[in-house]
Amino acid sequence: MKKHILVTLFIFVTGIFSFAEGNSVPAGASFHKENACIVEKSNISEKVKDNIRIINQSSDSDLKITVYMLNPKNNEWVCYGTGFVKGFGDTDFIESLTNMKISKAEKFAVYAENGKSYDYVFVERHHDLYIFVK
């Protein structure tokens, strides 16, 4: 029984890491997702290095917001992860899907999976990137 559980856990973890490494947008500084918002880290703060948090300040609920980072080594967009927020005021720290550190990113791209256009406000707080969705 223990062996079966360990094998299942191993397959699950391997699958997650395979997804994380393969989830990138083709090379190039442009980002091709409709209604995406791109911001340079230098316009936020060079202190951003720990976590990314999504805060819903829109009238929409059940938002799925995905964040990509531009890897300066190969000029490729890498998926950092996706946050899920319910109604106004709800927040979510995004679980990282990559081994790339936030501190290494030059740009961030943010978009809503529902295809709608939102205004995004990017703020550094306690070395975290806070993204307000409006």
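As a convention, each chain's residues are numbered from 1 in the sequence order in which they are written. Thresholds applied to this predicted model are a pLDDT of at least 70 for local features of residues and 80 or more for the giving and counting of side-chain atom pairs; totals over whole chains, interfaces and linings are not thresholded and use all residues. Side-chain figures throughout are based on the complete set of non-hydrogen atoms in the structure, without hydrogens or water.

For the rest of this paragraph, the subject is the packing of aromatic side chains. Aromatic contacts are taken between Phe, Tyr and Trp rings whose centres are within 6.5 Å, Trp giving its six-membered ring; a plane angle under 30 degrees counts as stacked, one over 60 as edge-to-face, and the others as tilted. Considering all chains together, one arrives at two aromatic pairs under this definition. Taking the centre distance of 6.3 Å and the plane angle of 25° together, the rings of Y68 and Y111 count as stacked. Placement of the pair is Y68 in strand β4 (residues 63-71) and Y111 in strand β7 (residues 107-112), with a sequence separation of 43 residues. Per-residue accessibility, obtained with a 1.4 Å probe over protein chains only, is compared with the maximum for each type, and a residue is labelled buried under 20%, exposed over 50%, and partly exposed between these values. Judged by its relative accessible area of 5%, Y68 falls in the buried class. On the basis of relative accessible area, Y111 is assigned to the buried category, the value being 7%. For the ring pair Y120 and F122, a centre distance of 6.5 Å and an interplane angle of 40° mean the geometry is tilted. In this structure, Y120 and F122 share a single accessibility class: buried. Every helix listed is a DSSP run of H or I at least four residues long, and every strand listed is a run of E at least two residues long, numbered separately from the N terminus.

Across the nine residues that make up β4, a large majority, eight, are buried. DSSP calls a pair of strands paired once it identifies at least 2 bridges connecting them. Relative to strand β5 (residues 76-85), β4 runs antiparallel, the two being bridged by nine bridges. Its bridge partner being in β5, L70 is matched across the sheet by W77. Both β4 and β7 contribute to a ladder of five bridges, which runs antiparallel. Across the sheet, M69 pairs through a bridge with F108, a residue of β7.

Even without being a glycine, N35 presents a positive backbone phi close to 65°. Mapped onto the elements, N35 comes out in the loop between β1 (24-25) and β2 (37-40).

Salt bridges are counted wherever a side-chain nitrogen of Lys or Arg sits within 4 Å of a carboxyl oxygen of Asp or Glu. What the rule picks out here adds up to one salt bridge. A salt bridge links K116 to D60, with the shortest nitrogen-to-oxygen separation between them at 3.2 Å. Here K116, found in the loop between β7 and β8 (120-125), pairs with D60, found in the loop between β3 (52-56) and β4; they are 56 residues apart in sequence, far enough to count as distant. The exposure class assigned to D60 is buried, which follows from its relative accessible area of 18%.

Moving on: the confidence of the model for the chain. Think of pLDDT as the predictor's per-residue confidence, scored from 0 to 100. Mean pLDDT over the chain: 83, with 78% of residues reaching 70 or higher. Ranking the elements of the chain by mean pLDDT puts helix α1 (residues 2-22) last, at 41, and β3 first, at 98. Contact criterion: two residues are considered in contact whenever any of their non-hydrogen atoms come within 4.5 Å of each other. Here residues 2-28 scores under 50 on pLDDT; set against residues more than four positions off or in separate chains, the count is 21 contacts.

Pairing in this open sheet of four strands is mixed, and the strands run β6-β3-β9-β8 from one edge to the other. Among the strands making up the open sheet, the edge pair consists of β6 (91-93) and β8. Going from strand to strand, the sheet's axes swing by 20° on average, the running direction of each strand aside. With five bridges joining them, β3 and strand β9 (residues 128-133) adopt parallel strand pairing. Among the inter-strand pairings, I55 is bridged to a residue of β9, identified as F132. Working convention: axes come from line fits to C-alpha atoms, limited for helices to the stretch in contact. Angles between N-to-C directions cover 0 to 180 degrees.

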